[in-house]
Amino acid sequence: MRTSRLRTVHPVLWAGWAALAAGAVLCVIGWYGISGERYAERQLPYLASCTVPGAALIIAGAVLLTHGRNALAAARVEELYGLLVATEPAGAAESGGAVSAPLASSGDLSMVPGGTLWHRADCPLVAGKAEAVPVDSRVLAGGELGPCPICEPSAAGPGD
């Protein structure tokens, strides 16, 4: 996966650096030609043939480098995502697929003050957080909080 995407990125980066270098050379040649001419009408050919195309190549090179670096970053994110998705839980291979049970199994419900979700007490999102407090039944009845999609708590409370 990594090599196919990166093979298309590297030529874009090389083309960007080459365009930047060629543009800089053309600008230097144009500047040198203009500096040797006293009259403006004799300076115009250097502007038209060297300086303006050189500036255009510098801009094109900058765009190519930006695109290449963005594509390289996207390739790295895809690779990391692939590694993240490719890892399976230890029991998933034996059970024949994805784990369908929630990650947390405790019946105690918790919430973080100011949060928008309620969780099981052993949910990875609230476990070990000092600010996590037990959920009040009035808060659940009021509908201010929604259930956590990770631990899938039931609204029945501790006795479910």
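Quick note: structure is the one above.
I will try to describe carefully the structure that is included in this document. Small disclaimer: the values here were computed from a predicted structure and weren't measured. (Residues numbered from 1 in each chain as written. Predicted model: local features only at pLDDT ≥ 70, side-chain atom pairs only at ≥ 80, totals over all residues. Heavy atoms only, no water.)

## Brief notes about the nonpolar core
Then, in step 1: Of all hydrophobic cores here, the largest spans six residues; its members are Leu109, Met111, Trp118, Val135, Val139 and Leu145.
Then, in step 2: Setting aside its immediate chain neighbours within four residues, valine 139 contacts Met111, Glu144 and Leu145. (Core = buried A, V, L, I, M, F, W, Y, C linked by side-chain atoms within 4.5 Å. Buried < 20%, exposed > 50% of the residue type's maximum accessible area, 1.4 Å probe, protein only. Contact = heavy atoms within 4.5 Å.)

## Description of the side chain of serine 110
Then, in step 1: Within the element layout of this structure, serine 110 appears in strand S1 (residues 109-111).
Then, in step 2: Taking relative accessible area as the criterion, serine 110 reaches 11% and is therefore assigned buried. (Helix = DSSP H or I, 4+ residues; strand = E, 2+ residues; numbered from the N terminus.)

## Quick notes on a nonpolar patch on the surface
Then, in step 1: Among the surface-exposed residues, Leu44, Leu47 and Val52 lie close enough to one another that they form a single nonpolar patch of about 260 Å² accessible area.
Then, in step 2: Inspection of the secondary structure assignment puts leucine 47 in helix H2 (residues 40-86).
Then, in step 3: Its relative accessible area of 32% is what places leucine 47 among the partly exposed residues. (Patch = residues over 30% accessible without salt bridge, like charges linked within 9 Å, V, L, I, M, F, W, Y side chains within 5 Å. Areas by Shrake-Rupley, 256 points an atom, 1.4 Å probe, with all protein chains shown as cover. Salt bridge = Lys/Arg side-chain N within 4 Å of Asp/Glu carboxyl O.)

## As for the pairing of strand S2 (residues 117-120)
Looking along a regular strand, one sees side chains alternate from face to face of the sheet.
Then, in step 1: Pairing of S1 with S2 involves three bridges; the strand directions are antiparallel. Note on S2: the bridge partner recorded for serine 110 is histidine 119.
Then, in step 2: Between the end of S1 and the start of S2, which pair antiparallel, lie five residues, with glycine 114 showing a positive phi angle near 90°.
Then, in step 3: Pairing of S2 with strand S4 (residues 146-147) involves two bridges; the strand directions are parallel. By the bridge assignment, tryptophan 118 is partnered in S4 with proline 147. (Pairing = 2+ DSSP bridges.)

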